[in-house]
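Remarks on the overall topology
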Amino acid sequence: MYRSLHATPASSLPPERRGRLVGKFCRACQGVYPALAARHAGKPVHGKDHVSSPCAYEGRRFDAGADWWEPAVEALEAPAAPPSAA
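Residues numbered from 1 in each chain as written. Predicted model: local features only at pLDDT ≥ 70, side-chain atom pairs only at ≥ 80, totals over all residues. Heavy atoms only, no water.

**Let's talk about the environment of Lys24**
Along the chain, Lys24 turns up in strand β2 (residues 18-26). On the accessibility criterion, Lys24 (12% relative accessible area) is buried. In this structure, the C-alpha to C-alpha distance between Lys24 and Pro34, residues 10 residues apart in sequence, is 6.3 Å. Look past the residues within four positions of Lys24 in its chain and what remains in contact with it is Gly31, Val32, Tyr33, Pro34, Ala35, Ala37, Phe62, Trp69, Glu70 and Ala72. In this structure the side chain of Lys24 is engaged in a polar contact, spanning 3.4 Å, whose partner is the backbone oxygen of Ala35. (Helix = DSSP H or I, 4+ residues; strand = E, 2+ residues; numbered from the N terminus. Buried < 20%, exposed > 50% of the residue type's maximum accessible area, 1.4 Å probe, protein only. Contact = heavy atoms within 4.5 Å. Polar contact = N/O pair within 3.5 Å; in protein donor to acceptor, adjacent residues only side chain to side chain.)

Take a look at the structure:
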């Protein structure tokens, strides 16, 4: 089964376009890891495998307040533009 994950770092979207929390976004390797993951394990839910070139943060804990990761949220559709009064 193939799944499309429309996840993005929370800081990249305005608040009205942020959906549910879907994981943890590593700013270095740009991978999305499971929301319940305790460590950066190199096996992202969405992103590249780090077999040939591991991320510099691989093996580190996803500690609150660390500057190398942030919450990943589901990107919601942009609101429809209002019809123009022509």
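**With respect to the sheet that holds strand β1 (residues 7-9)**
Ordered by their spatial adjacency, four strands build an open sheet running β1-β4-β2-β3, and the pairing between neighbours is antiparallel. Lying at the two open borders of the sheet, with one neighbouring strand each, are β1 and β3 (32-33). Bridge analysis of β2 against β3 gives two bridges, and the strand direction is antiparallel. Paired with Phe25 across the bridge in β3 is Val32. (Pairing = 2+ DSSP bridges.)

**Observations concerning the pattern of salt bridges**
A full pass over the atoms with the stated rule returns three salt bridges. The closest approach of N and O atoms between Glu74 and Arg20, which form a salt bridge, is 3.6 Å. Separated by 54 residues along the polypeptide, Glu74 in strand β4 (residues 69-75) and Arg20 in strand β2 bring together distant segments of the chain. A relative accessible area of 28% places Glu74 in the partly exposed class. Looking at Arg20, the relative accessible area reads 54%, which means it is exposed. The partner of Arg61 in a salt bridge is Asp63, with the nearest N and O atoms 3.9 Å apart. (Salt bridge = Lys/Arg side-chain N within 4 Å of Asp/Glu carboxyl O.)

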